[in-house]
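Tertiary structure, described
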Amino acid sequence: MTRWTRFQTVSLKPAVTTFLSAIVSAGLLAACSAPSSNPATTAQPEPAASSAADLGLTGVLFFHSYSDYSAWDSNLYGLDLASGDLVWINEHWKSMISPMNAHLNAAGDKMTFMGSNAGTAQTDWDVYVSTWTGSEWGEPTNLTGPNDQRDEDPKFSPDGKRIAYKNNGVLTTMNSDGSDKQLLTIGAPESSIPFFTPDGSGIIFDREGSVMLRKNDGTESVLWAAGETKAYYAVGVDSERFLFTEVQTTHHDRTMWGFYDGRPAKPLFYAATDCDNSDPYPYKDGSRFVFYVTGCPFIYKGGYNVAIADLKTKTSYDIDEINPETNTHQQDLGPTWSATAKVKP
């Protein structure tokens, strides 16, 4: 606030007047030559949006919710970020139960995920694909079972032709219709949570707490080595970076930027040592927004809930600000985003 002070006029001797005039003139010249600090001409930091609903996000965010991993009660949901429409994806499915960890192809018309056949005593995990019918996500097709094995965490290749997943601890790929299964890491330690690199030249995955890269020629390298801390849930973002979750020495998770060229990994701004943040997934190229899962108390519903991080303003938002029914009192996990998918006609 500018304060104006009223001065009393007094008579000054000529010498004093001349001296003061010189000082004033010098001051005015300095002020004219100095760079302007006028807020109207100086770049100001971008203010944070007042709500997630004001971020202008588009596309669909998919995630799952369950009471417990072993309860076989997971449900898939899709949130249209522009309209706020929230849809229970598997509400009318009959052939399978407990869908989770979804991933969309680039066209947005096919979704793969893990789940189990309904109506049987067997509850092994299988890989499924559902196709958008034009009005809803259709009854899924089981691509791997039932086979009394654990087929988990499927992800589409960038061109949508292949799916990578874990089969009883072995990194495996197959065509998107379930044909041509290739077991890639037989005899190696357990290889989990695969994700294709954005250019399709390899697969990043977790092995014994390290982030690994397997190129299409079969060569493997360590992108981030486990030590006192462990990593999981790596997601390829671009040709330089990937996101992953690090389990800290405090036993709480934080999300990290990793780099293919071996540069040290960096935590995202919302990292904490006393609560969990995990399951990062980029919005578009990840340059501005990242979805993640948090157990930190800024979301009051408890359990794990879905949040949005604005990397530019360093602000986190509750996804409920787009639709208040999104997060639940259960475990809301596995966010994945699609620019082209739909949840309503």
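This write-up is about the structure you can find in this document. Here the residue numbers are simple positions, counted from 1 along each chain's written sequence. Local features in this predicted model are restricted to residues whose pLDDT is 70 or higher, and side-chain atom pairs enter the listing and the counts only when it is 80 or higher, whereas totals over whole chains, interfaces and linings include all residues. To obtain the side-chain values, all non-hydrogen atoms of the structure were included, while hydrogens and water were left out.

We now examine the overall build of the protein chain. Broken down by element type, the protein chain carries one helix and 24 strands. Going through the 345 residues of the protein chain one by one, you find that 48% of them count as buried. Every accessible area reported is derived by Shrake-Rupley at a probe size of 1.4 Å, with residue values counting cover from the shown protein chains alone. Here the protein chain has roughly 17,200 Å² of accessible surface; of this, 53% comes from carbon and sulfur atoms. In this description a helix means any DSSP run of H or I spanning at least four residues, a strand means any run of E spanning at least two, and both kinds are numbered starting from the N terminus. A simple rule labels every residue: compare its accessible area, found with a 1.4 Å probe on the protein chains alone, to the largest value its type can have, and call it buried under 20%, exposed over 50%, or partly exposed in between.

The description of an aromatic ring pair uses the distance of the two centres, along with the angle that the planes make with each other. Each pair of aromatic rings taken from Phe, Tyr and Trp, with Trp reduced to its six-membered ring, is defined by centres within 6.5 Å and is described as stacked if the planes are under 30 degrees apart, edge-to-face if over 60, and tilted in the remaining cases. Here the structure, examined in full by the defined rule, presents 17 aromatic pairs. Ring centres of Phe 63 and Tyr 77 lie 5.7 Å apart, and the angle between their planes is 25°; this geometry places the pair in the stacked category. Here the residue Phe 63 occupies a position in strand β1 (residues 60–66), and Tyr 77 occupies one in strand β2 (residues 75–80), the gap between them amounting to 14 residues. Relative accessible area serves as the criterion here: at 1%, Phe 63 is assigned to the buried category. An aromatic cluster of three or more residues is present, and its members are Tyr 66, Tyr 69, Trp 72 and Trp 125. Counting as a charge over the ring demands two things of the Lys NZ or Arg CZ atom: a distance within 6 Å of the ring centre and an angle within 35 degrees of the ring normal. One cation-aromatic arrangement involves Arg 241 over Trp 257; the distance from NZ or CZ to the ring centre is 4.1 Å.

Let's shift gears to the state of the cysteines. The criterion for a disulfide is a pair of cysteine sulfur atoms lying within 2.5 Å. By the definition in use, this model includes one disulfide. Here Cys 275 is linked by a disulfide to Cys 296, with a sulfur-sulfur distance of 1.9 Å. What sets the handedness of the Cys 275 and Cys 296 disulfide is the S-S torsion sign, and at about 85° it is right-handed. With a gap of 21 residues between them, Cys 275 in the loop between β19 (266–267) and β20 (277–282) and Cys 296 in the loop between β21 (289–294) and β22 (305–310) connect regions that are remote in the sequence. Using a relative accessible area of 10% as the deciding quantity, one classes Cys 275 as buried. On the basis of relative accessibility, which here comes to 11%, the residue Cys 296 falls in the buried class.

What follows deals with the sheet that holds strand β3 (residues 86–88). In space, the four strands of this open sheet follow the order β3-β2-β1-β24, with antiparallel pairing throughout. Every other strand in the sheet has two partners, leaving β3 and β24 (331–338) as the edge strands with one partner each. On average, each strand axis in the sheet is tilted by 25° relative to the strand beside it, whichever way the strands run. Note: β1 against β2, six bridges, orientation antiparallel. From the neighbouring strand, His 64 faces β2, where its bridge partner is Leu 76. At least two bridges found by DSSP between two strands is the condition for calling them paired. Fitted lines through C-alpha atoms give the axes, limited to the stretch in contact for helices. The angle between two N-to-C directions lies from 0 to 180 degrees.

Relative to the helices and strands, Ser 176 is located in the loop between β10 (170–175) and β11 (182–183). Accessibility expressed as a relative area gives 23% for Ser 176, which makes it partly exposed. Residues Ser 176 and Asn 105 lie 71 residues apart in sequence; the distance between their C-alpha atoms is 9.8 Å. With residues up to four places along the chain from it excluded, the contact list for Ser 176 reads Val 129, Leu 143, Phe 156, Gly 160, Lys 161, Arg 162 and Ile 163. Contacts are assigned to residue pairs with any non-hydrogen atoms lying within 4.5 Å of each other.

Before going further, it helps to examine the nonpolar core. Nonpolar cores are built from buried Ala, Val, Leu, Ile, Met, Phe, Trp, Tyr and Cys residues. Side-chain atoms within 4.5 Å join them into one set. Counting 31 residues, the largest nonpolar core has Leu 57, Leu 81, Val 211, Phe 244, Phe 291, Ile 308 and Ile 319 as the members making the most contacts within it. Residue assignment for this core shows that the elements contributing at least two residues are β1, β12 (192–196), β14 (210–215), β15 (220–224), β16 (230–236), β17 (241–247), β21 and β22. Top contributing element to this core by residue count: β16, with four residues. Those residues in contact with Phe 291, other than ones at most four positions away along the chain, are Leu 57, Leu 61, Leu 81, Asp 279, Pro 280, Tyr 281, Pro 282, Tyr 283, Ala 307, Ile 308, Pro 335 and Trp 337.

As for its position among the elements, His 103 is in strand β4 (residues 96–104). Whenever a nitrogen or oxygen atom comes within 3.5 Å of another N or O atom, the pair is scored as a polar contact, on the condition that within protein one atom can donate a hydrogen and the other can accept it, and that pairs from neighbouring residues in sequence are kept only if both atoms are in side chains. Within the structure, the side chain of His 103 is placed 3.0 Å from the backbone nitrogen of Phe 156, a separation counted as a polar contact. Polar side-chain contacts of His 103 include one of 3.5 Å to the side chain of Tyr 281.

Turning next to the pattern of salt bridges. One side-chain nitrogen of Lys or Arg within 4 Å of one carboxyl oxygen of Asp or Glu is enough to make a salt bridge. With the rule as written, the count across this model stands at 15 salt bridges. For Asp 85, the salt bridge is made with Lys 344, and the minimal N-O distance between the two is 3.9 Å. Here the residue Asp 85 occupies a position in the loop between β2 and β3, and Lys 344 occupies one in the segment after β24, the gap between them amounting to 259 residues. Of the charged contacts, one joins Asp 320 and Lys 301 as a salt bridge, the two residues approaching to 2.7 Å between their closest N and O atoms. Here the residue Asp 320 occupies a position in the loop between β23 (315–318) and β24, and Lys 301 occupies one in the loop between β21 and β22, the gap between them amounting to 19 residues. With respect to burial, Asp 320 and Lys 301 carry one shared label: buried. Connected through shared salt-bridge partners, Glu 46, Arg 288, Asp 310 and Lys 312 make up one network.

Following Gly 145, the chain continues to Pro 146 via a peptide bond in cis, the omega torsion being 5°. Within the element layout of this structure, Pro 146 appears in the loop between β7 (141–142) and β8 (151–156). Phi at Trp 72 is positive, roughly 55°, even though this residue is not glycine. Its place among the elements puts Trp 72 in the loop between β1 and β2.

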